[in-house]
Amino acid sequence: MTRRILFLLAASALGAAAQPVPEQFFGHRMGADKSTLEWAKVVGYFKQLDAASPRVQVVEFGKSTEGRPLIAAYISSPATLGRLEQYRQIQKRLADPRKLSSAETAKLIAEGKTIVLITCSIHATEVASSHAAIEYAHRLATSSDPAVRNILDNTIVILAPSINPDGLEMVTSWYRKTLGTPYEGTSPPELYQKYTGHDNNRDWYIFSQAETRAVVSQLHNRWHPQIVYDLHQMGPTAARIWVPPYMDPIEPNVDPLIIQQANMLGATMAADLTASGRQGVAVNAMYDFWTPARHYQSYHGGIRILTESASVRIATAVNIRADQLSTTSQGYSARERTWNHIEPWTGGPWRLRDIVDDQLVAMQSLLTVAADRRAAFLRNFHAMLARAASRTSPAAFVLPLSQADPGAARHLLETLAFGAVEIERATAEFTAQGKQYPAGSYVVRMTQPFSAFAKTLLEKQNYPDLRLYPGGPPKRPYDVTAHTLPLLMGVEADQVISELAARTEPARTFAFTAPPAAAARLAASDSTSWREVNAAWKSGRAVYRNLTTGEFLIGRAQAGFQALRKPRVGLYRSFVPSMDEGWTRWILEQFNWDYSSVPNARIRQGRLGDSFDVIVFPDQAPQTIHNGYRQGSMPAEYLGGLGPEGAAALKEFAESGGKLVFLNASSEYAIEQLGVAARNILAGVASRDFYCPGSLLNVSIDPASPLALGLPREFSVWMESSPAFEAAGAARGIVTYKSAGVLASGWLLGEKHVAGKSALVDAALGRGRAILFGFRPQYRAQSYLTLKMLFNALAH
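Residues numbered from 1 in each chain as written. Predicted model: local features only at pLDDT ≥ 70, side-chain atom pairs only at ≥ 80, totals over all residues. Heavy atoms only, no water.

J.: Now, about the side chain of Asp526: what can you tell me, with residues and values included?
T.: Within the element layout of this structure, Asp526 appears in the loop between β17 (504-506) and α17 (529-538). Look at Asp526: it is buried, it has no salt bridge, and the nearest opposite charge is Arg410 at 6.1 Å. A polar atom in the side chain of Asp526 sits 3.1 Å from the backbone nitrogen of Gly407. What Asp526 contacts, discounting residues up to four positions off in sequence, is Ala404, Asp405, Pro406 and Gly407. (Helix = DSSP H or I, 4+ residues; strand = E, 2+ residues; numbered from the N terminus. Buried < 20%, exposed > 50% of the residue type's maximum accessible area, 1.4 Å probe, protein only. Lys, Arg positive; Asp, Glu negative; His and termini not counted. Salt bridge = Lys/Arg side-chain N within 4 Å of Asp/Glu carboxyl O. Polar contact = N/O pair within 3.5 Å; in protein donor to acceptor, adjacent residues only side chain to side chain. Contact = heavy atoms within 4.5 Å.)

This is the structure:
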């Protein structure tokens, strides 16, 4: 097979003269040094390929955040493409084993094709896969090689040449602007997805962004691919390419067959890469399989195959000496020969074309297996979903009709439903595990094909305590360790272990009731109340708030209510892109807040009180806020941070009555530069003693604080590389970690270091205030419960 792959890479094409050849269309070979792609031209190429080849159908399946077309090329034999809807229906039927007999299943497996979705360049600085997609699409469209015929006859390839075209266009523009300057190959000084930047690949269960929603609704949920191949790049000093198997831990709701088939595909890809003469192939290192934020399809019967290739400087070649290769990556050393890195690369020049060559071999290898084992992939797909649909423990999750935050509860169910989870509504009162639920409560049964997705998002996580060696430091997760939506959103969702006897019907819409409140008042606990408050401000209507209950009134006052003035909100925006800044922008816009981005120059200018009542600093390192980009790292107009001038202006603003809100790491800027009377007690604590890589921790809040309006007395906050405080002088702790049982979901090492310490500090600065959040209250658009604390901070 590997000889066939090598032959194919050099094979002449059948009818190539009638097809748009990439080199001729773009004016350069794919992956040529210093070559970048314009999205409009990529779209134009695929449209021409569609027009010229009966093996290719290109569809626009949505729009990006900034309005660019999202496209996918369906590639298969002409006979298959002529009956595309029939094959989609086969997939749809196989995805619900409850409705199939054994005979029907066997017939569908015999008729169906392996569906393989290939997604490229979600991270826009990782440009190689878009080049590889163009070249590989041309090969599939034109080659007469039997290996290609086998792929076309047995698979349907859905190839998305970029699922972040806005970022691809931005990176291309920046690269060309800096070409030939000292800054050639740098990343743009802004997020390469408008709101999330690199976090766009952490959106696969909350579905906040336009691109995510389009890919999930139009590709994943319509086609239920057996395999999803997601191409990425990593640092330039790592292995040349990483392929599965993944490292431990494996999230427990992922079916074993997902992992075993990923192991098989990855091992075959590694063998074919080595057989093709490619060095530096690593497996079973660096990347684990825990968070569903990156693995949507793995909870829907599909295998997620990730590859990570060593990067260049966008499209500029690098030269890596052997002694520069990494020795600190988990699970292997890029300099050493081990079973999972059997033939190290020894250094030298590394080009964009090298990445493309590796990715072409990997694509061909994967699709060859997908074609050769067509029946097995379909059979296993059906078997995994049949297992999920026969799950008996737990039996279900129940969301009671009455919720403290009806808006968050509705959003949680809308999120599950978007992920193809079936949700029912009780038509009569029922009892489960001794608790009575009224009619109208919502039930998520586990006897459904995609129950794994619902279960992992509704239950608490118990991440294993893995160490590099016995008694040694923790084995760092690749990403975060918790994803419990009820805790993040402040929603009551009860797990029912035993069989559930409740009369239900499919839920068409989702509506919850709030705790009793007087007529015309908006509940403080309902996160959606803030949308109405901001809408009222925008329309010029007056807003009033009861500072005891937190309830809102719009348009007229009542006894016990005070006028709530619309705040002038500023959001700090460094030239050093911050994903948290992007998430904060997105959240403010979703809840109708008016705000202004505040750059370094505006803060250094001073007189901030003329324009703002409150300024928010997103999660960003204090040295980055203070210093920004340093001399020589970027063009002059992007250099520097706030510096001493900015710190002085912020002090003057606060001391004159302004409010400063700091999120997570930026809180340390307030301590270091503004003199807030607090101390980060985790500063200098070694990771072997304290480690919290993205978990939910239990806290309590001082109910006398205005920040507590609308929140329960006890809840969970998101801690991820966060500070914890001891307050002194004019500062006081408002949110405090529990004295015991701190971990709510995920993983926490060294509980004693934070037990009883402050997670949020409210400090007086002259006539103003500084509020230090030791967590991210708007975490990745998920933490609806603590959002209300952020909004309270803005408005009071």
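Structure's up, so let's keep going.
J.: So what's going on with the pattern of salt bridges? Which residues, and what values?
T.: Under the criterion given, the structure shown has 47 salt bridges. Among the salt bridges present, the one from Arg93 reaches Glu104, with a minimum N-O distance of 3.6 Å. Here Arg93 is found in helix α5 (residues 84-94), whereas its partner Glu104 is found in helix α6 (residues 102-111), with eleven residues between them in sequence. When its relative accessible area of 38% is taken as the criterion, Arg93 is described as partly exposed. A salt bridge links Arg139 to Glu135, with the nearest nitrogen and oxygen atoms 3.5 Å apart. Linking Arg139 with Glu135, this pair stays in helix α7 (residues 128-142), spanning four residues, or about one helical turn. By the burial criterion, Arg139 is buried, and Glu135 matches it. Overlapping salt bridges, with partners in common, bring together Asp199, Arg202, Asp288, Arg294, Asp479 and Arg780 in one network.

J.: For the sheet that holds strand β18 (residues 543-545), give the residues involved together with the corresponding values.
T.: Strand pairing within a sheet occurs via backbone hydrogen bonds; the two strands may be parallel or antiparallel. The sheet built from three strands is open, its strands ordered β19-β18-β20 with antiparallel pairing. Only two strands of the sheet have a single partner each, and these edge strands are β19 (552-554) and β20 (562-563). Note that β18 and β19 share three bridges and pair antiparallel. Opposite Arg545, over in β19, you have Phe552 as the bridge partner. In the packing of α17 onto the sheet, the strands contacted are β18 and β19, and the crossing angle to β19 comes to about 35°. (Pairing = 2+ DSSP bridges. Axes fitted to C-alpha atoms, helices over the stretch in contact; angles between N-to-C directions.)

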